[in-house]
Amino acid sequence: MQELHDAPLAPLTTFRLGGPATRLVTATTDAEVIAAVRDADDAGTPLLLVGGGSNLVIGDKGFDGTALHIATRGFRLDGTALELAAGEKWTDAVARTVEAGLAGVECLAGIPGSAGATPIQNVGAYGQEVSATITEVTAYDRRSRETVTLSNADCAFSYRHSRFKAEPDRYVVLRVRFELEDAGGLSAPLRYAETARALGAEAGDRVPLTAARETVLKLRAGKGMVLDPEDHDTWSAGSFFTNPILTDEEFAAFRSRVAERLGDAVEPPAFPAGEGRVKTSAAWLIDRAGFTKGYGTGPARISTKHTLALTNRGEATTEDLLALAREVVAGVREAFGVTLVNEPVTVGVAL
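This one's a predicted model, so the numbers in the text were calculated from it and none came from an experiment. (Residues numbered from 1 in each chain as written. Predicted model: local features only at pLDDT ≥ 70, side-chain atom pairs only at ≥ 80, totals over all residues. Heavy atoms only, no water.)

Taken together, the side chains of Asp248, Glu249, Glu250 and Glu275 make up a negatively charged region of the molecular surface. Within the secondary structure layout, Glu275 lies in the loop between β14 (271–272) and β15 (277–279). (Patch = residues over 30% accessible without salt bridge, like charges linked within 9 Å, V, L, I, M, F, W, Y side chains within 5 Å. Areas by Shrake-Rupley, 256 points an atom, 1.4 Å probe, with all protein chains shown as cover. Salt bridge = Lys/Arg side-chain N within 4 Å of Asp/Glu carboxyl O. Lys, Arg positive; Asp, Glu negative; His and termini not counted. Charge placed at Lys NZ, Arg CZ, Asp CG, Glu CD. Helix = DSSP H or I, 4+ residues; strand = E, 2+ residues; numbered from the N terminus.)

Here we come to the nonpolar core. Val33, Leu68, Trp90 and Phe178 are the most contacted members of the largest nonpolar core, which has 45 residues in total. Counting residues per element, this core draws most heavily on strand β12 (residues 171–179), which supplies 6 residues. Among the nonpolar cores identified, the runner-up in size contains 34 residues, and Val57, Phe251, Leu308 and Ala335 belong to it. (Core = buried A, V, L, I, M, F, W, Y, C linked by side-chain atoms within 4.5 Å. Buried < 20%, exposed > 50% of the residue type's maximum accessible area, 1.4 Å probe, protein only.)

Now for the environment of Leu48. Positionally, Leu48 belongs in strand β3 (residues 47–50). Classification of Leu48 by relative accessible area gives buried; the value is 8%. Note: C-alpha distance between Leu48 and Ser162 (114 residues apart in sequence) is 19 Å. If near-sequence neighbours (up to four positions away) are discounted, Leu48 is found in contact with Leu9, Leu56, Ile58, Phe63, Thr66, Ala67, Leu68 and Val347. (Contact = heavy atoms within 4.5 Å.)

Across the sheet, which stays open at both edges, the 5 strands sit in the order β6-β7-β12-β10-β11 with antiparallel pairing between neighbours. Every other strand in the sheet has two partners, leaving β6 (75–78) and β11 (146–151) as the edge strands with one partner each. This sheet shows a mean twist of 20° between the axes of neighbouring strands, independent of strand direction. The sheet contact formed by strand β10 (residues 134–141) and β12 spans 7 bridges and is antiparallel. The partner of Ile134 across the bridge, within β12, is Phe178. Contacts from helix α1 (residues 30–43) reach β10, β11 and β12, with the element oriented near 150° to β12. (Pairing = 2+ DSSP bridges. Axes fitted to C-alpha atoms, helices over the stretch in contact; angles between N-to-C directions.)

This part covers the packing of aromatic side chains. Geometrically, a pair of aromatic rings is defined through the distance of the ring centres and the angle of the planes. Following the criterion strictly, the structure yields 10 aromatic pairs and no others. Between the aromatic rings of Phe164 and Tyr171, the centroid separation amounts to 5.7 Å while the plane-to-plane angle is 85°, which identifies the pairing as edge-to-face. With relative accessibility at 4%, the residue Phe164 sits in the buried group. Ring centres 5.0 Å apart and planes at 75° place the aromatic pair Phe240 and Phe241 in the edge-to-face group. Of the two residues, Phe240 and Phe241, neither departs from the other in class, the shared state being buried. Taken together, Phe251, Phe254, Trp284 and Phe336 form an aromatic cluster joined through their ring pairs. The ring of Phe75 is capped by Arg96, whose NZ or CZ atom sits 3.8 Å from the centre of that ring. Over the aromatic face of Tyr159 sits the side chain of Lys279, whose NZ or CZ is 4.6 Å from the ring centroid. (Phe/Tyr/Trp six-rings, centres within 6.5 Å; stacked < 30°, edge-to-face > 60°. Lys NZ or Arg CZ within 6 Å of the ring centre and 35° of its normal.)

So, on to the side chain of Thr91. With respect to the helices and strands, Thr91 occurs in helix α2 (residues 90–99). Discounting residues that sit within four places of it in the chain, Thr91 has contacts with Gly110, Ile111 and Pro112.

Here Thr80 lies in the loop between β6 and β7 (81–85). Taking the relative accessible area as the measure of exposure, Thr80 reaches 24% and is therefore partly exposed. C-alpha of Thr80 to C-alpha of Leu180: the two residues are 100 residues apart in sequence and 5.1 Å apart in space. For Thr80, the side chain forms a polar contact with the side chain of Glu179, separated by 2.3 Å. (Polar contact = N/O pair within 3.5 Å; in protein donor to acceptor, adjacent residues only side chain to side chain.)

What follows concerns helix α9 (residues 318–336). Helix length check: α9, at 19 residues, gives a terminal C-alpha distance of 27 Å against a target of 27 Å (1.5 Å per residue), a fit within 8%. Just beyond α9, the residue with positive phi is Gly337, at close to 70°. (Expected span 1.5 Å × (residues − 1).)

Inspection of every chain in the model, using the stated rule, returns 20 salt bridges. Residue Asp233 is joined to Arg313 by a salt bridge in which the shortest nitrogen-to-oxygen separation is 2.8 Å. Of this pair, Asp233 sits in the loop between α6 (209–222) and β13 (245–247) while Arg313 sits in the loop between β17 (310–312) and α9, and the two are 80 residues apart along the sequence. The exposure class of Asp233 is buried, given its relative accessible area of 2%. Between Arg326 and Glu319 there is a salt bridge, and its shortest N-O distance comes to 2.8 Å. Assessed through its relative accessible area of 31%, Arg326 is described here as partly exposed. Residues joined in a network through salt bridges with shared partners are Asp30, Arg76, Glu83, Glu136, Arg175 and Arg177.

By themselves, these are just geometric observations and shouldn't be taken as functional.
The following block contains the structure:
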């Protein structure tokens, strides 16, 4: 277990932003993770968990406490059952499942970060969410001070949410288990129109696994959503805002605002999100409120490839990023009466 003091955290994040941690511990086994957590809890020291750093916005002053970098490794496949250590690189794990001919997470290719973060956020993209394949999660419970195993139902998954996100200071994910599908080298049924179109298929079709993964990677890269150190459009946390979920009444009011601003012929995106609820598109809202691709003149700007990504152009500070995020939130609220919610976790700062 490695320990550093006054250690920079920016290199551990995809934004490449944030000040130092008072203490940085890197753990490579579950036992080391648990020991570091217990030490911090026993001492009453604030604790920050860092995996792949793809969902973190750390303040310029850094973190006054212990930052625990979870760098555990472990990929175990038993038939269609997959177990990943929390520190496994998610993109590599997806590639290996595709190589093994197993379906279920192939459309989640290219998503940065670690396997342990996937159940926290209920990571999803291109018609798939990890909640559809996760069977159980092993975690350290800081409240009971013991290792526990939570079933899929125990995880309380919903759109970009889970029990782990609802109780952020309680659980430390150690292992995640998935049940994948052997469909003879074919993907799970396609559920996202853009993916199906790119593959020349229809929604519900199955396609070769490698084709599904490669197509998603191309789509993501075209939006700056595949990490590339030479491309500042990828110096981001991916989608900075979640898609708003509105009640039927809220959506009706939103439609009225759209008609007033853009004309009666314009219909905003609408997707079923459960009884009495409608999901709309954050990217659409941002663009139609006037924040187009490449918006901004400072060191933090909207990606030139995707309006949902806020980016560090190389010399930004966290405060530069937050100023841009606040401008976007205020502009969308003023235009359409909808308040955007940030997807990344903020540390020492807030919108």
